[in-house]
Structure formats: C-alpha cells, structure tokens
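In case you want the letters, here they are:
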Amino acid sequence: MTVDTPDNRTLDRESPLPLWAQLYQDLTSRLRAGEFAGDFPAEGDLAAAYGISRNTVREAMRRLRDDGVVIAGRGRRPRTALSTIEQPLGAIYSLFASVEAAGLDQQSVVRALDVRADDAVAARLGLAATTPLFYLERLRLAAGEPLAIDRVWLPGDVGAPLVDVDFSHTSLYRELRDRSGLTLTTAREQIRAVVPSREDRRLLAIGADNAALAIDRLSNVADRPVEWRRTIIRGDAFTLVADFSARTGFQFDFATADNNADPAPETPSAATAPRQPR
C-alpha cells in the first residue's frame, strides 16, 4: 500500500526499505533534477507533504547533510549546498572567472576599501612599517550564496588608481591591469585548513563544524611584491585538483588565461613532474 502526499510524492509503507530511506532517495532524486534551486523545504513542510513524522524527516535530512548536498543548522531553514568550484593546483586561475565558468552568478559585497597602515603586511611586501597600503575586503558570493572572504593589501602607490572602483562585480586583477598597467607575473601561495573566526563563520553562513581553507598569496610584478592576499573560503564549495599519471607524475596547466577571463598570478611549480608539488 502506498501513501499519496499533497505534493504527489509516494512512500510505500509495506516496503522493507524504511520510510526515512525512501524519503532520502526521493529527495536525492529531486535535488539531482535541480528541483529546489537553492531553497529547501523545512522539516515540518516535508513531514506534511509526505505524511510522515518529523523524526523520519530528520533521519533523511541527516543523511543529506552527511552527503554535503543540504546545509541545515539549528534554528536555520535548510538550503541546498553550493556547487563545488574546482581549481587546478599550480594553474593560472581567477576565482571571479571560475565562479562564472561554473554557471554561477558572481557578486561581491565590499566591506572595506581604504588606505591604511599595517606593519605585518608591510613587512611581507618589503615596505617600511608606516607605508600607506591600499586595502580591499570583500565577501564573495556565488549564485547569491557566501563563498569566500577576500582581504587584499597593495602598496599605496599601486592601489591609488583603484580607490574609486566599484568592486561588486569586477576583478582586482582586471582593474589593476586596466588602471595601473600592471600584470602580476609570479606568486607564491600557501593553502591550509583553518577554523574560521566567529565573525568569518557568520559572514560565510557556516557552522562551527564546517571546514574552511585559508589561501595566502604573495604576488609580484617582476621582482617587486605588489599584493598580499588572504582568502578564507568555504571547504564545502571549493576543491583543489591535480592531474597525474604513472608515466609523467603530476601535470599542471600553465596555459595563459584569455584577456577577457581576468588572469590571476601563476603559482610557481614544476610544469612537468614527476616531482611532487609543493
């Protein structure tokens, strides 16, 4: 015997498969079909639609959260997870271009754009402690969902032409090239797992148990350091990829991004392995 729900969904109460497992399978199929488009029904709505208890819904939801396809926290309405954005290790890449290449709208919320001093960052850029620095902080969004917090410092003279730029839907590297005539030539990047601060978790709309990556990048024009960047990015929406084979080892793509794709700096690595990447 089957139960027809108001949403035209059916669960078989005589099946050896538990109701939570049937619900899990049905919701998984609907998610793969793109039915929920970023929003997701609340537990009570699912219980009413399928004619089942909230406990049954909670068990199915727990499995969906474990799969990483639905995000739900205490007191928050469930929502579908972001599509994972892949970046090849050692490649020339742009987060701006990669988000849009994944078919997602890219926007930024500018939280700070000013000139300030920071002795620790100045030291990284090889400058005196009191040197004025251009500072840009953005919350990066993909399809309207928080993806990353981006904090960038440039020497004041390099960033001076950028102080009046609207960075809500453009790239720093594109504006740096167009307004300052500078194209970054090399960079060194470090990627590590971090526990985000409470404020960063709030901005990224993630819980205390969600993973995040910190990406620190020091970029240069010729031999001059011109950018120090720290990005905190959601671990559930960002994947680093390396291709390799038994014959050649790891392979990195160093193809130059086209002029309209907003090229980012190249991370120095061995273009042809078989050495392990740093």
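A brief structural summary.

Calculation criteria
- Residues numbered from 1 in each chain as written.
- Predicted model: local features only at pLDDT ≥ 70, side-chain atom pairs only at ≥ 80, totals over all residues.
- Heavy atoms only, no water.
- Helix = DSSP H or I, 4+ residues; strand = E, 2+ residues; numbered from the N terminus.
- Buried < 20%, exposed > 50% of the residue type's maximum accessible area, 1.4 Å probe, protein only.
- Contact = heavy atoms within 4.5 Å.
- Phe/Tyr/Trp six-rings, centres within 6.5 Å; stacked < 30°, edge-to-face > 60°.
- Lys NZ or Arg CZ within 6 Å of the ring centre and 35° of its normal.
- Pairing = 2+ DSSP bridges.
- Axes fitted to C-alpha atoms, helices over the stretch in contact; angles between N-to-C directions.
- Salt bridge = Lys/Arg side-chain N within 4 Å of Asp/Glu carboxyl O.
- Polar contact = N/O pair within 3.5 Å; in protein donor to acceptor, adjacent residues only side chain to side chain.
- Core = buried A, V, L, I, M, F, W, Y, C linked by side-chain atoms within 4.5 Å.

This brings us to the overall build of the protein chain. Of the regular secondary structure elements, the protein chain holds 8 helices and 14 strands. Here the protein chain holds 278 residues, and the buried ones make up 44% of them. Considering only intrachain contacts with a sequence separation of at least 6, the fraction spanning at least 24 residues in the protein chain is 60%.

Let us look at unusual backbone geometry. In this structure, Ala205 takes a positive phi of about 60° despite not being glycine. Topologically, Ala205 is positioned in the loop between helix H8 (198-204) and strand S10 (212-221). One non-glycine residue with positive phi stands out, namely Ala222, at about 55°. With respect to the element layout, Ala222 can be found in the loop between S10 and strand S11 (224-234).

Along the chain, Glu175 falls in helix H7 (residues 172-180). We classify Glu175 as buried; its relative accessible area is 12%.

A word on the packing of aromatic side chains. For the structure shown, the criterion picks out 1 aromatic pair. For the pair Tyr135 and Trp153, a centre-to-centre distance of 5.0 Å together with 45° between the ring planes defines the contact as tilted. With Tyr135 in strand S7 (residues 133-142) and Trp153 in strand S8 (residues 145-155), this pair connects stretches of sequence that are 18 residues apart. Residue classification places Tyr135 among the buried positions, given a relative accessible area of 3%. Judged by its relative accessible area of 11%, Trp153 is buried. Between Arg124 and the ring centre of Trp228, over which it is positioned, the NZ or CZ distance is 4.2 Å.

Within the element layout of this structure, Pro132 appears in the loop between helix H5 (119-124) and S7. Apart from residues lying up to four places away in sequence, Pro132 is in contact with Val115, Arg116, Pro155 and Gly156.

Below, the discussion takes up the sheet that holds strand S9 (residues 186-194). Spatial strand order, S6-S7-S8-S11-S10-S9: 6 strands in an open sheet with antiparallel pairing. The open sheet is flanked by strand S6 (106-116) and S9, the only strands paired with a single partner. With direction set aside, neighbouring strand axes in the sheet form an average angle of 15°. Against the sheet, H7 touches S7, S8, S10 and S11, its axis set at about 160° to S11.

Evaluation of the coordinates by the stated rule reveals 20 salt bridges. Across the salt bridge formed by Arg177 and Asp178, the nearest N and O atoms sit 3.3 Å from each other. A single salt-bridge network, built from bridges that share partners, covers Arg111, Glu137, Arg151, Glu199, Asp200 and Arg202.

What follows concerns the side chain of Arg229. Relative to the assigned elements, Arg229 resides in strand S11. Since its relative accessible area comes to 8%, Arg229 is described here as buried. A distance of 2.7 Å separates a polar atom in the side chain of Arg229 from a polar atom in the side chain of Glu227. If we skip the residues at most four places from it in the chain, Arg229 touches Arg138, Arg140, Asp150, Arg151, Val152, Leu172, Tyr173, Ile215, Asp216 and Arg217.

What follows deals with the nonpolar core. Core analysis: the biggest nonpolar cluster contains 17 residues, and Leu27, Phe40 and Tyr50 have the highest contact counts within it. Where this core is concerned, the elements lending two or more residues are helix H1 (19-32), helix H2 (43-50) and helix H3 (54-67). Within the second largest apolar cluster, 14 residues are counted, among which are Val158, Val165, Leu172 and Leu176.

The next point concerns the environment of Leu125. The residue Leu125 is located in the loop between H5 and S7 in this model. Overall, the relative accessible area of 2% leaves Leu125 in the buried class. Here the alpha-carbon distance between Leu125 and Pro155, two residues 30 residues apart in the chain, equals 7.7 Å. Look past the residues within four positions of Leu125 in its chain and what remains in contact with it is Leu133, Trp153, Leu154, Pro155, Leu218, Pro225, Val226, Glu227 and Trp228.

As for its placement among the helices and strands, Leu218 is situated in strand S10. C-alpha of Leu218 to C-alpha of Thr186: the two residues are 32 residues apart in sequence and 8.6 Å apart in space. In contact with Leu218, other than residues within four places in its own chain, are Arg124, Leu125, Thr186, Ala187, Arg188, Pro225, Glu227 and Trp228.

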